[in-house]
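# Architecture at a glance
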Amino acid sequence: MTTVDTKAPAAADWRAAGDRIEALITASAAGGAVARDRAEELVRLVVDLYGAGLERLLELLHEHGALGDDVLDALAGDELVASLLLVHGLHPESASTRVAKALAAAAPGGEAALIDITPEGIARVRLTASGCSSAPLKAAVESAVADAAPEVVTIEVLAGDPAAGPIIPVGSLFSRVGPAHAETP
């Protein structure tokens, strides 16, 4: 008789499973286009089935009054559950909220802030860091946004704080300079 382990998989196990699924789909291409198409269809059908099950689970919890803010926060805070909810468009937090939280974690000093997310899925983020430190921060911000909101299709990282501007606007340097005065002989 076979025993089934009912323990929740460790984080490394479910990440490894995702990597293995991707590797198997890629490997199925060796069997030709038809084999790859069938493998992708199989994964799509299984994902859709589990997505429908998760959606129904949330509906039942809501119908029975068991889906309060504390439960939603716990679901959103669990890395595995949150990633599954994201895949199925069921995450309880908006993309803007998720991105803002991810930016706060990636740049805890407030060096990155979400400007907006357009209806086309473009997230615009402002970085206040400059110079050599901005390249690693930009990479961390892009990665954090992509992880937090897979529905974002493009990440525009803008540098600097437009409100700060230069201390002395360049235009003001010329405001008191008039035309050259001709010397009288």
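Rules used in this analysis
Residues numbered from 1 in each chain as written. Predicted model: local features only at pLDDT ≥ 70, side-chain atom pairs only at ≥ 80, totals over all residues. Heavy atoms only, no water. Pairing = 2+ DSSP bridges. Helix = DSSP H or I, 4+ residues; strand = E, 2+ residues; numbered from the N terminus. Axes fitted to C-alpha atoms, helices over the stretch in contact; angles between N-to-C directions. Contact = heavy atoms within 4.5 Å. Salt bridge = Lys/Arg side-chain N within 4 Å of Asp/Glu carboxyl O. Core = buried A, V, L, I, M, F, W, Y, C linked by side-chain atoms within 4.5 Å. Buried < 20%, exposed > 50% of the residue type's maximum accessible area, 1.4 Å probe, protein only. Left-handed = near helix turned anticlockwise from the far one by under 90°. Polar contact = N/O pair within 3.5 Å; in protein donor to acceptor, adjacent residues only side chain to side chain. Patch = residues over 30% accessible without salt bridge, like charges linked within 9 Å, V, L, I, M, F, W, Y side chains within 5 Å. Areas by Shrake-Rupley, 256 points an atom, 1.4 Å probe, with all protein chains shown as cover. Expected span 1.5 Å × (residues − 1). Arc of directions from axis to C-beta.

Here we come to the sheet that holds strand β2 (residues 122–127). Reading across from one edge, β1-β2-β3 is the order of the 3 strands in this open sheet, with mixed pairing throughout. One side of each edge strand has no neighbouring strand; the edge strands of this open sheet are β1 (112–117) and β3 (154–159). Neighbour to neighbour, the strand axes of the sheet diverge by 25° on average, direction disregarded. Looking at chain direction, β1 and β2 are connected through 5 bridges and run antiparallel. Directly across from I117, in β2, lies its bridge partner A123. Packing against the sheet, helix α5 (residues 95–106) makes contact with β1 and β2, and its axis sits at approximately 165° to β1.

The next subject is the pattern of salt bridges. One pass over the full model with this rule turns up 7 salt bridges. Note that R36 and E40 form a salt bridge whose closest N and O atoms lie 2.9 Å from each other. Placement of both R36 and E40 in helix α2 (residues 33–63) is noted, with a separation of 4 residues, approximately one turn of the helix. Taken together, the shared-partner salt bridges connect R56, E59 and E63 into one network.

Here we come to the nonpolar core. In this structure, L103, A112, V125, L127, L137, V141 and V145 are the most contacted members of the largest nonpolar core, which totals 15 residues. Looking at this core, the elements that each hand over two or more residues are α5, β2 and α6 (134–148). Not counting residues within four places of it along the chain, the set of residues in contact with A112 comprises L103, A107, V125, R126, L127 and V141. With 5 residues, the next largest nonpolar core counts L58, L67, L75 and L90 among its residues.

The next thing to look at is the packing of α5 against α6. Relative to each other, α5 and α6 sit at 145°, their axes nearing to 9 Å. Relative to α6, the crossing made by α5 is right-handed. Contacts between α5 and α6 involve R98, V99, A102, L103 and A106 on the former and, on the latter, L137, A140, V141, A144, V145 and A148.

Mapping R98 onto the fold places it in helix α5. For the pair R98 and A76, spaced 22 residues apart in the sequence, the C-alpha separation amounts to 9.3 Å. For R98, the side chain forms a polar contact with the side chain of E151, separated by 2.5 Å.

Right, let's get into a nonpolar patch on the surface. A contiguous nonpolar surface patch, about 440 Å² in accessible area, is contributed by L42, V46, L49 and Y50. Relative accessible area serves as the criterion here: at 38%, V46 is assigned to the partly exposed category.

To continue, consider α6. Look at α6: 21 Å from first C-alpha to last across 15 residues, which is about the 21 Å you get at 1.5 Å a residue. Where α6 is concerned, the buried positions are S134, L137, V141, A144, V145 and A148. Taken end-on, α6 shows its buried residues confined to a sector of 95°, consistent with a single buried face. When the buried face of α6 is taken as reference, the exposed residues oriented beyond 90 degrees from it are A135, P136 and D147. Contacts from the buried residues of α6 go to α4 (79–87), α5, β1, β2 and β3.

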